[in-house]
Amino acid sequence: MDLKEVMAVNLRRIRHDWNMTQEDLADRAGLSARYIGAIERANVSATVTVLGQIADALKVEPGELVKASDRAR
C-alpha cells in the first residue's frame, strides 16, 4: 500500500471515530470537502501543510495519518 492509500485509510477511520463528516472536517481544517474526499480516495497527495491542518482538526499527531498498520504492511 502506498503512502496516499495509508493516509486515505487512516483519515477515513479517524474521521469516523470522531463521527465527523467530510464537510465537518473540511470546515475545521480550512479546506474544501471535495479535497478531503479526494485525499480519502487516494486521488491526491496531501502536502505537509495540509497534513498538519488535517491532524490539527482531528486532534492527532500528523504521524498518525501516515502510519501504516500492521495489516497494511
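Residues numbered from 1 in each chain as written. Predicted model: local features only at pLDDT ≥ 70, side-chain atom pairs only at ≥ 80, totals over all residues. Heavy atoms only, no water.

### Some remarks on helix α4 (residues 48–58)
Regarding α4, the residues found buried are Val 50, Leu 51, Ile 54, Ala 55, Ala 57 and Leu 58. Viewed end-on, α4 has its buried residues packed into an arc of 160°, placing them on one side of the element. The exposed set on the far side of α4, more than 90 degrees from its buried face, consists of Val 48, Thr 49 and Asp 56. Its buried side turned inward, α4 meets α1 (3–17), α2 (22–29), α3 (33–40) and α5 (62–66). Immediately beyond the C-terminal end of α4, within one or two residues, lies Lys 59, with a positive phi of roughly 60°. (Buried < 20%, exposed > 50% of the residue type's maximum accessible area, 1.4 Å probe, protein only. Helix = DSSP H or I, 4+ residues; strand = E, 2+ residues; numbered from the N terminus. Arc of directions from axis to C-beta. Contact = heavy atoms within 4.5 Å.)

### With respect to the pattern of salt bridges
Summed over the entire model, instances satisfying the criterion amount to 3 salt bridges. Residue Glu 40 is joined to Arg 12 by a salt bridge in which the shortest nitrogen-to-oxygen separation is 3.9 Å. Here Arg 12 lies in helix α1 and Glu 40 lies in helix α3, a separation of 28 residues in the sequence. With relative accessibility at 3%, the residue Glu 40 sits in the buried group. A salt bridge links Glu 40 to Arg 15, with the nearest nitrogen and oxygen atoms 2.5 Å apart. In this pair, Glu 40 sits in helix α3 while Arg 15 sits in helix α1, placing the two residues 25 residues apart along the sequence. Both residues of the pair, Glu 40 and Arg 15, belong to the buried class. Taken together, the shared-partner salt bridges in this structure form one network comprising Arg 12, Arg 15 and Glu 40. (Salt bridge = Lys/Arg side-chain N within 4 Å of Asp/Glu carboxyl O.)

### So, the environment of Gly 30
On the secondary structure map, Gly 30 appears in the loop between α2 and α3. Along the sequence, Gly 30 and Ile 54 sit 24 residues apart, while their C-alpha atoms lie 8.7 Å from each other.

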